[in-house]
Every structure is written in structure tokens, then in C-alpha cells.
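Survey of secondary and tertiary structure
Chain by chain, the residues run as shown.
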Amino acid sequence: MKLATPCEEAFRIEVPILRMAIAKRLVERGVPVVKASKITGISATTYEKNIKEKREEIEKLLKDEEIRDMIDALVGRILANQTIESTSFCILCARARKLFNLKPCPLY
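Because the structure is a prediction, the values reported are computed rather than measured.

**Observations concerning helix α6 (residues 65–79)**
The end-to-end C-alpha separation of α6 is 21 Å, in line with the 21 Å expected for 15 residues at 1.5 Å each. Among the residues of α6, those classed as buried are Ile67, Ile71, Leu74, Val75 and Ile78. Down the axis of α6, the smallest arc covering the buried residues is 100°, so these residues share one side. Elements that come into contact with the buried residues of α6 comprise α2 (15–28), α3 (33–40), α5 (55–63) and α7 (86–96).

The structure is reproduced here in C-alpha cells:
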């Protein structure tokens with residue numbers, strides 16, 4: 001048995017999809033792929049590859065109204081050059097966990 005915290009599990013499974021969804025929404029709002037990728041901490045190559053391979057998971061996130069609204073609010077803050085508090089992402093992650101059948105976040 002390997003010891004893993006809930007955040008480690010989410011970071012491996014869920015966070016990459018969240019980053020892709022945020023990058024996708026940035027691109028949809030006119031941000032170039034290279035810049036959107038850099039903002040979200042992924043490479044442009046990874047974005048181009050995973051936007052197709054992970055389409056189903058990304059769409060699953062964006063179909064959930066609450067999660068989509070949270071992502072859009074985060075994208076709005078990014079576009080306005082406002083500070084993004086880490087707790088904003090943590091709350092988004094906690095809400096998205098149920099879509100990926102992960103254990104609930106013990107913090108949120």
C-alpha cells in the first residue's frame with residue numbers, strides 16, 4: 001500500500017484536466033495558445049496534444065455549471081491581471097473531485 005494524500009491524488013488525476021480546461025477557456029477568449037499554456041503551467045505542445053486526447057474529461061468539467069462558472073471567474077481574473085488566491089483553485093479542485101470519483105477533499 002502506498003501512502004498518498006488527497007491532494008497528491010488530485011494533482012495526478014484532476015489538476016492536469018483543470019489546467020487544460022482553464023487554458024481552453026483562455027484560448028476561447030482570444031489568448032494565444034502559447035500564452036494560455038504558459039499561464040496555466042503546461043507547454044503548448046502538451047496543450048495541443050491533450051486538448052484532443054482529454055476532450056471528454058475537459059468537456060465533463062465544463063458541462064458542470066458550477067465548475068464552469070468557477071473556471072470562467074478564474075479566467076476573468078487572469079485576463080484582468082488580478083491576483084489569484086491559491087484557495088480559489090483549491091475550492092475549484094474540491095468541487096471537481098466528485099466528477100472524477102475521488103475522495104472528497106478534507107479541507108473544503
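Now that the structure has been shown, the text picks up again.
**Observations concerning the pattern of salt bridges**
Under the criterion given, the structure shown has five salt bridges. A salt bridge links Lys24 to Glu59, with the shortest nitrogen-to-oxygen separation between them at 3.5 Å. A residue pair is termed long-range when its members are at least 10 positions apart, and Lys24 in helix α2 and Glu59 in helix α5 qualify at 35 residues. For Glu59, a relative accessible area of 28% puts it in the partly exposed group. With a closest N to O distance of 2.9 Å, Asp72 and Arg25 form a salt bridge. In this pair, Asp72 is assigned in helix α6 and Arg25 in helix α2, connecting sequence segments 47 residues apart. Here the salt bridges do not stand alone but share partners, grouping Lys24, Arg25, Glu28, Glu59 and Asp72 into one network.

**Here's the deal with the state of the cysteines**
Put plainly, two cysteines are in a disulfide when a covalent bond ties their sulfur atoms together. Inspection of the entire model under this criterion finds zero disulfides. As a non-bridged cysteine, Cys7 has Cys105 as the owner of its nearest cysteine sulfur, 5.6 Å distant. Counting only cysteine sulfurs, Cys7 is the nearest neighbor of Cys90, a cysteine outside any disulfide, at a range of 6.4 Å.

**Some remarks on the side chain of Asn50**
Its location among the elements puts Asn50 in helix α4 (residues 44–53). What makes Asn50 buried here is its relative accessible area of 15%. Residue contacts for Asn50: discarding those within four places in its chain leaves Met20, Arg55 and Ile58.

Conventions adopted
Residues numbered from 1 in each chain as written. Predicted model: local features only at pLDDT ≥ 70, side-chain atom pairs only at ≥ 80, totals over all residues. Heavy atoms only, no water. Helix = DSSP H or I, 4+ residues; strand = E, 2+ residues; numbered from the N terminus. Expected span 1.5 Å × (residues − 1). Buried < 20%, exposed > 50% of the residue type's maximum accessible area, 1.4 Å probe, protein only. Arc of directions from axis to C-beta. Contact = heavy atoms within 4.5 Å. Salt bridge = Lys/Arg side-chain N within 4 Å of Asp/Glu carboxyl O. Disulfide = S-S within 2.5 Å.

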